[in-house]
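Descriptive analysis of the structure
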Amino acid sequence: MKPMSDNFFIDSNIALYLIDLNETDKRLVAMDLMRDVPFISSQVVFECINVCLRKHKMDRESARMFVKWLTSASLIQPENTSVVNTALFIMDRYLLQPFDAKIVASALEAGCNILYSEDMQNGLIIENRLRIINPFI
């Protein structure tokens, strides 16, 4: 799927398939990606908590346990002024939604060359450095 030398970032929609028992094939892909230790951001963590609580109707403790596991199995890219400024630039240049731009900016800041996301434009290359890939296509 991906060369071992790649640093990669996963969007919350990929992480959430780890707990989706109705999407077996997508869950297996997400589990495979986790084996190579992806980068994530606090944005991804809190989007996951929100979906766990609202959509999946998980109790708070279960949602918290899931994201604690996710953060222990991933590298967390800190959000800082550079990420915010890059996100604002990316949002306008690539016409992305604000929260998607923030995830892209975090992936760039982490030095990733791949961002796995089901929701963003598959194949889009950001700043000649980061390719968005839908791993389910």
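The sections below set out a description of the structure shown in this document. Note on numbering: residues in each chain are counted from 1, in written sequence order. Local features in a predicted model are, by the rule used here, given only for residues with pLDDT of at least 70; side-chain atom pairs are given and counted only at 80 or more, and totals for whole chains, interfaces and linings are based on all residues. To obtain the side-chain values, all non-hydrogen atoms of the structure were used and water was disregarded.

Glancing now at the overall build of the protein chain. A run of DSSP states H or I qualifies as a helix once it reaches four residues; a run of E qualifies as a strand once it reaches two. Both are numbered from the N-terminal end. Within the protein chain one finds 6 helices and 6 strands. What you see in the protein chain, going N to C, is helices and strands ordered as β-α-α-β-α-α-β-α-α-β-β-β. Overall size of the protein chain, expressed as C-alpha extent along the three principal axes, is 40 × 30 × 25 Å. Taking all 137 residues of the protein chain together, 45% fall into the buried category. Taking as baseline every contact in the protein chain between residues at least 6 positions apart, the subset at least 24 positions apart corresponds to 62%. Only protein chains enter the accessibility calculation, which uses a 1.4 Å probe. A residue is then buried if its area is under 20% of the maximum for its type, exposed if over 50%, and partly exposed in between. Here, residues are in contact when the closest pair of their heavy atoms is within 4.5 Å.

This part covers the side chain of N134. The residue N134 is located in the segment after β6 (130–133) in this model. We define a polar contact as two N or O atoms separated by no more than 3.5 Å, with the added condition that, inside protein, one atom must be a possible hydrogen donor and the other a possible acceptor, whereas residues neighbouring each other in sequence contribute only through side-chain atom pairs. Separated by 2.9 Å, the side chain of N134 and the backbone nitrogen of F136 make a polar contact. Once you skip the residues sitting within four places of it in the chain, N134 turns out to touch S117, E118 and N122.

Fair warning: the whole summary comes from geometry, so function is off the table for now.
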